[in-house]
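Spelled out from the first residue to the last, the chains are:
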Amino acid sequence: MSTAPVSDESRGWKMPALHWQVAAALVAAAVAGSLIGPQPDFIAGCTFVGKIFLNALKMVVVPLIVAAIISGLSSVADAGGLGRMGLKTLGYYLGTGLLAIVVGLLFINLLSPGIIDGKPAGPSIGLAQDTQAVVGKIEDKGAGEFLKVFELMFPPNIIEAAADGQMLGLICFSLLFGAFIMKLPEKAATVQRQFWSGLYDVMTGMTRLIMMFAPIGVFGLVSPIIAQTGWAAAGPLAKFVAAVLLALSTHMFITLPLVLRFVARVSPLAHFRAMWPAITTAFSTSSSAATLPVTIQCMEDKAGVPKSVTSFVLPIGTTVNTDGSALYEGAVVMFIAQCYGIDLSFGAQFLIVSTALLTAIGVAGIPSASLVAIAVILGAVGLPLEGIGLVLAVDRVLDMCRTSVNVFGDSCCAVTVARLEGEDGVLGEPSLRASRQA
Ligand code: ASP
């Protein structure tokens, strides 16, 4: 995606780069949303514009994921290289996911948002009004939901999985499809490779076009949220919101940049600059799946990560690697325990960490998907499901933030794996091997 300033020579004026346009749209949305407030026509108009942008992004997701994985996998010459990349990706996902959850629990333990004046905060915070509706919806999604992750990997009907946006099934199917192309006779394999690689190029081209409308789309998505919810909803839960935001910020601005600096050996600042359009898209859509096309664009066009890495790491990461969600799940469960005055033992906290890590794999990249995973963890540690009502009022705003962390985490993995694979030119750096020899 080109974000280079567009010059308008005749008027001597330069169109700012896309990331500045999107940043301006975010500020404009915050100002307009707070000034205009919950005015029905304003909300309806903005929601309409935002929905069209979101739909356009979602429109390219399924063909993009399938084409990316199949063309990426089928063009990898040696299966050993693929296995190596797979192991690095998995190791990164597990390691950073664990760190994220531990940081989340640490901040909730430190700030104790569920305790007010030494007493459990539950009664004074009160449950959100529509608790029953939400609890009803997720009550039947207990521990079975966890095993369902494996069921989702093998959907009986791949077309239905695509229509439902069920990514885990699509990923498994595409991985198998790509692997079996490698087993075809050369002539047939080449036809397949050319087709899927062409489809992939068309999808990335369409994404580029959609992203030209990102500033309008971001305004349409964010302003109704500010107008309706405002920041006031966060008031009674301010300490909890602060703890989650601090933990998410620690992961995004300290932990992951350290990985970039010392493992990938690239400039974290350059990485942030390359990822800005994807981070703001994640923030405004609250959907890492809808943001995937933009993440791929940013990584390939701006960070210089080769397609062989992005097509493997990013679609899988969007579904499997959700650091922000895993952190949030652990933090909410711990907060609910504090509100009910339940002191969780080390064993129970360990159970939270492991269940959060595993359930985060099944969290779809769509808004509010974490609430289901939270119900599973509450069930696992034996806490009342009603506790979810406590965080409903602030879930939307925190969803925007955790989705940004999810997407940023995937991009850090793409850069790290590309560097460890010895790729040249990632974020303008010579390959690691070349810099070691120099
Ligand atoms: N909205 C998140 C995402 O799309 C998932 C969640 O935590 O609810 O990545």
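For every chain, the first residue of the written sequence is number 1, and numbering continues from 1 along that sequence. Only residues with pLDDT of at least 70 get local features here, since the model is predicted, and only at 80 or more are side-chain atom pairs given and counted; chain-wide, interface and lining totals rely on the full set of residues. Excluding hydrogens and water, the side-chain values take into account all heavy atoms of the structure.

1. Re empty space enclosed by the protein
Put simply, the rule reads: Of the two site types, the cavity is a set of points on a 1 Å grid over the protein atoms alone where a 1.4 Å probe fits but cannot get out, and the pocket is an open set with protein on both sides within 12 Å along at least five of seven lines, each lined by residues with an atom within 4 Å of a point. Grid points are joined across faces, edges and corners, and a volume is the space filled by probe spheres set on the points. Each helix is a run of H or I in the DSSP string that is no shorter than four residues. Each strand is a run of E no shorter than two, and both are numbered from the N terminus. The classification used treats Ala, Val, Leu, Ile, Met, Phe, Trp, Tyr, Cys and Pro as nonpolar, Asp, Glu, Lys and Arg as charged, and all other residues, Gly among them, as polar.
Taken as a whole, this structure holds two cavities of 30 Å³ or more when the rule is applied. One number sums up the size of the largest cavity: a volume of about 80 Å³. Surrounding the largest cavity, 15 residues form its lining, Ser325, Ala364, Ile366, Thr403 and Asn406 being those nearest its centre. Residue contributions to the lining of the largest cavity peak at four residues, all from helix α18 (residues 392-420). Here the lining of the largest cavity is composed, by residue class, of four nonpolar, nine polar and two charged.

2. Thoughts on the side chain of Ser370
Operational definition: Any two residues whose heavy atoms approach within 4.5 Å are treated as being in contact.
Along the chain, Ser370 falls in helix α17 (residues 370-381). If we skip the residues at most four places from it in the chain, Ser370 touches Ser325, Tyr328, Glu329, Val363 and Arg402.

3. Notes on the UniProt feature "transmembrane region" (unreviewed entry) in the protein
Spelled out, the test is: UniProt positions are given in the numbering used here, feature names are shortened, and annotations may be inferred rather than shown by experiment.
When the UniProt feature table is mapped onto this chain numbering, "transmembrane region" (unreviewed entry) sits at residues 17-36, 48-70, 90-111, 209-234, 240-263, 344-366 and 372-394. With 100% helix and 0% strand, the stretch residues 48-70 has end C-alpha atoms that lie 34 Å from each other. Within the segment residues 240-263, helix and strand shares are 100% and 0% respectively, and the terminal C-alpha atoms sit 32 Å apart.

4. A few points about a nonpolar patch on the surface
Test applied: Exposure above 30% relative accessible area and the absence of a salt bridge qualify a residue for a patch, where like charges join within 9 Å and nonpolar side chains (Val, Leu, Ile, Met, Phe, Trp, Tyr) within 5 Å. Only the protein chains shown count as cover for residues, and the accessible areas themselves come from Shrake-Rupley with a 1.4 Å probe. We define a salt bridge as a side-chain nitrogen of Lys or Arg found within 4 Å of a carboxyl oxygen belonging to Asp or Glu.
On the surface, Phe48, Val49, Ile52, Leu209, Met212, Phe213 and Ile216 cluster together into a nonpolar patch covering about 730 Å² of accessible area. At three residues, the largest contribution of residues to the nonpolar patch is made by helix α2 (residues 40-74). The topology assignment puts Phe213 in the loop between α9 (186-211) and α10 (214-229).

5. A word on the site of the ligand
Inclusion rule: Being near a molecule or strand, for a residue, means having at least one of its heavy atoms within 4 Å of it. As used in this structure description, the phrase polar contact means that two N or O atoms lie within 3.5 Å; if the pair is within protein, one of them must be able to donate a hydrogen and the other to accept it, and residues adjacent in sequence are counted only when both atoms belong to side chains. Cavities and pockets are treated as containing a molecule whenever more than half of the molecule's atoms lie within 2 Å of their grid points.
The local shell around the ligand holds 16 residues, among which Ser288, Ser325, Ser370, Asp399 and Arg402 are the closest. Residue Gly365 places a main-chain N or O atom 3.3 Å away from an oxygen atom belonging to the ligand. Between the ligand and the protein, one listed contact pairs a nitrogen atom with a backbone N or O atom of Ile366 at 3.0 Å. If the ligand stood free it would expose 270 Å²; the protein chains cover 100% of that surface. Cavity membership is defined here by more than half of the atoms lying within 2 Å of grid points; on that basis the ligand lies in the largest cavity. With four residues, the top contributor of residues to the shell around the ligand is α18. Along the lines of polarity and charge, the residues of the shell around the ligand split into five nonpolar, nine polar and two charged.

6. Description of the environment of Ala331
How we decide: Any residue under 20% of the maximum accessible area for its type is buried, any over 50% is exposed, and the rest in between are partly exposed; the area is computed with a 1.4 Å probe on protein chains only.
By secondary structure assignment, the location of Ala331 is in helix α15 (residues 323-339). Classification of Ala331 by relative accessible area gives buried; the value is 1%. Sequence separation between Ala331 and Val244 is 87 residues, and the spatial gap between their C-alpha atoms is 7.0 Å. Those residues in contact with Ala331, other than ones at most four positions away along the chain, are Gly104, Leu105, Ile108, Phe240 and Val244.

7. Quick notes on the confidence of the model for the protein
Note: predicted coordinates in regions of low pLDDT should not be interpreted at a detailed level. The condition that has to hold: pLDDT is defined as a per-residue confidence score from the predictor, taking values between 0 and 100.
Predicted confidence across the protein gives a mean pLDDT of 84, with 86% of residues reaching 70 or more. Contacts from residues 127-131, a stretch scored under 50 in pLDDT, to residues over four places away or in other chains number eight contacts. Here residues 133-143 is modelled with pLDDT under 50, and outside its nearest four sequence neighbours on either side it reaches 13 contacts, counting other chains as well.

8. Points about unusual backbone geometry
Notably, Arg265 is not glycine yet its phi reads approximately 55 degrees, a positive angle. When you line up the elements, Arg265 lands in the loop between α11 (238-264) and α12 (268-285). One non-glycine residue, Ser286, adopts positive backbone phi at about 55 degrees. Looking at where Ser286 falls in the secondary structure, it is placed in the loop between α12 and α13 (288-302). Exposure remark for Ser286: the relative accessible area of 1% places this residue in the buried category.

9. Re the pattern of salt bridges
In this structure the tally under the stated criterion is six salt bridges. Of the charged contacts in the structure, one is a salt bridge between Asp301 and Arg208, with a shortest N-O distance of 3.4 Å. Remark: Arg208 occurs in helix α9 and Asp301 occurs in helix α13; sequence separation between them is 93 residues. Note on Asp301: relative accessible area 38%, which makes it partly exposed. In this structure, a network of salt bridges that share partners links the residues Arg84, Lys88 and Glu421.

10. Some points on the nonpolar core
To be explicit about the condition: The set of buried Ala, Val, Leu, Ile, Met, Phe, Trp, Tyr and Cys residues whose side-chain atoms join them within 4.5 Å is what this entry labels a nonpolar core.
Grouped together as the largest cluster of nonpolar side chains are 123 residues, with contacts concentrated most on Phe240, Val305 and Val415. Discounting residues that sit within four places of it in the chain, Val305 has contacts with Met299, Glu300, Thr310, Ala414, Val415, Ala418 and Val426. Formed by five residues, the second largest nonpolar core is a distinct cluster that contains Ala32, Phe42, Cys46 and Ala227.

11. Notes on α18
Under the convention used in this document: How far a helix is expected to stretch is found by multiplying one less than its residue total by 1.5 Å. In this scheme, the bend at a residue equals the angle between the axes fitted to the seven residues that finish there and the seven that begin there.
If you check α18, its first and last C-alpha atoms are 41 Å apart, about what 29 residues at 1.5 Å a residue would give, namely 42 Å. Where α18 bends most, at Leu398, the angle is about 35 degrees. A large share of α18 lies buried, amounting to 26 of its 29 residues. Where α18 ends, the next residue or the one after it, Gly422, has phi of about 80 degrees, a positive value.

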